[in-house]
Amino acid sequence: MSTYIKKYIITGAPGTGKTTLVNALAENYPCVHEVSRKVIVNEQEKGRTGTPWQDMNRFAELVYKASIVELEANPQALFIDRSILDLTAYLQVEAKPIPLSISSFPYHDRFHRKVFFAPTWRSIYQKDEQRLQSFEHCLELERVLKVRYIESGFDIVILPKDTVPIRVNFVHEFLKLGISL
């Protein structure tokens, strides 16, 4: 069995370039890719309601379970596109209770304290079939995400609002310099 490596979380509201950054990082580092979009696509294809805009509780349960599977399947991954902690922000914004499985998850055993945060960025935000949130809703999610991560003992490292290569270099330099790992 492989030794588990703590992962760096890349988080932020929808449409901030997280997945694009993780895909670029995956060229050089093992990564855990976002499960939220996979869950949404699967729910849409099967005519089910487990999406953030239909049944937030079902969505959170499905994403939680899929995230656990992905974490266990990728013990050597260095980066993860979102974490289970993101679900707490989604649930809070929708005024839904946070399940004990999510609130008691051992975040600090699984993830580095430093979290890369992609800021909401109007010029790159685009709605699509799996991203129906308004830009204003994304701003609220961003606010709550920051609070949730800080309250949970994480330090936020804001990614630059710049090109993918510059963001990749920013992350690479952060790791190379060993900044407060």
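Residues numbered from 1 in each chain as written. Predicted model: local features only at pLDDT ≥ 70, side-chain atom pairs only at ≥ 80, totals over all residues. Heavy atoms only, no water.

1. Focus: the overall build of the chain
This is how the line gets drawn: Numbering goes from the N terminus for both helices and strands, where a helix is a DSSP run of H or I of at least four residues and a strand is a run of E of at least two. Only C-alpha atoms enter the radius of gyration, while the globule expectation follows 2.2 Å times N to the 0.38, with N the number of residues. Residue exposure (1.4 Å probe, protein chains only): buried if accessible area is under 20% of the type maximum, exposed if over 50%, otherwise partly exposed. Contacts were defined at the residue level, with two residues in contact if any of their heavy atoms lie within 4.5 Å. All accessible areas in this document rest on Shrake-Rupley with a 1.4 Å probe, and a residue is counted as covered only by the protein chains that are shown. Under this rule, positive means Lys or Arg and negative means Asp or Glu; His and the chain ends count for nothing. A charge is said to be at NZ when it belongs to Lys, at CZ for Arg, at CG for Asp and at CD for Glu.
A count of helical and extended segments in the chain gives eight helices and five strands. Counting from the amino terminus, the chain carries its helices and strands in the arrangement β-α-β-α-α-β-α-α-α-β-α-β-α. The globule rule puts the C-alpha radius of gyration for 181 residues at 16 Å, and the 15 Å found for the chain is close to it. The principal-axis extents of the C-alpha atoms in the chain amount to approximately 45 × 40 × 30 Å. Across the 181 residues of the chain, 46% fall into the buried class. Taking the intrachain contacts of the chain between residues at least 6 apart in sequence as the baseline, contacts between residues at least 24 apart amount to 74%. As presented, the chain carries roughly 9000 Å² of accessible surface, and 53% of it is formed by carbon and sulfur atoms. Separation between the mean location of the 23 positive side-chain charges and that of the 21 negative ones in the chain comes to 2 Å.

2. Re the pattern of salt bridges
In plain terms, the rule: A pair is scored as a salt bridge if a Lys or Arg side-chain nitrogen falls within 4 Å of a carboxyl oxygen belonging to Asp or Glu.
Scanning the entire structure with this criterion turns up nine salt bridges. With its nearest N and O atoms 2.8 Å apart, the salt bridge here joins Arg 82 to Asp 86. Of the residues examined, Arg 82 reaches a relative accessible area of 7% and is grouped as buried. Ionic pairing is found between Glu 173 and Lys 176, a salt bridge with its closest N-O pair at 3.2 Å. With Glu 173 and Lys 176 both in helix α8 (residues 164-177) and three residues apart, the pair spans about one turn of that helix. Note on Glu 173: relative accessible area 27%, which makes it partly exposed.

3. Focus on unusual backbone geometry
Non-glycine residue Arg 82 carries a positive phi angle of around 75°. As for its placement among the helices and strands, Arg 82 is situated in the loop between β3 (79-81) and α4 (85-93). Look at Ala 95: it is not a glycine, yet its phi comes out positive at around 55°. Examined against the element boundaries, Ala 95 turns out to sit in the loop between α4 and α5 (100-103).

4. Some words on the side chain of Lys 18
Put simply, the rule is: Here a polar contact means two N or O atoms within 3.5 Å. Within protein one must be a hydrogen donor candidate and the other an acceptor candidate, and residues neighboring in sequence count only if both atoms are side-chain atoms.
Along the chain, Lys 18 falls in helix α1 (residues 18-25). Notably, Lys 18 is buried but unbridged: the nearest opposite-charge side chain belongs to Asp 81, and the N-O separation is 5.4 Å. Polar contacts involving the side chain of Lys 18 include one to the main-chain carbonyl oxygen of Gly 12, which spans 3.4 Å. One polar contact links Lys 18 to Thr 16, side chain to side chain, over a distance of 3.4 Å. If we ignore the near neighbours within four places in the chain, the residues touching Lys 18 are Ile 10, Thr 11, Gly 12, Ala 13, Asp 81, Arg 82 and Ala 118.

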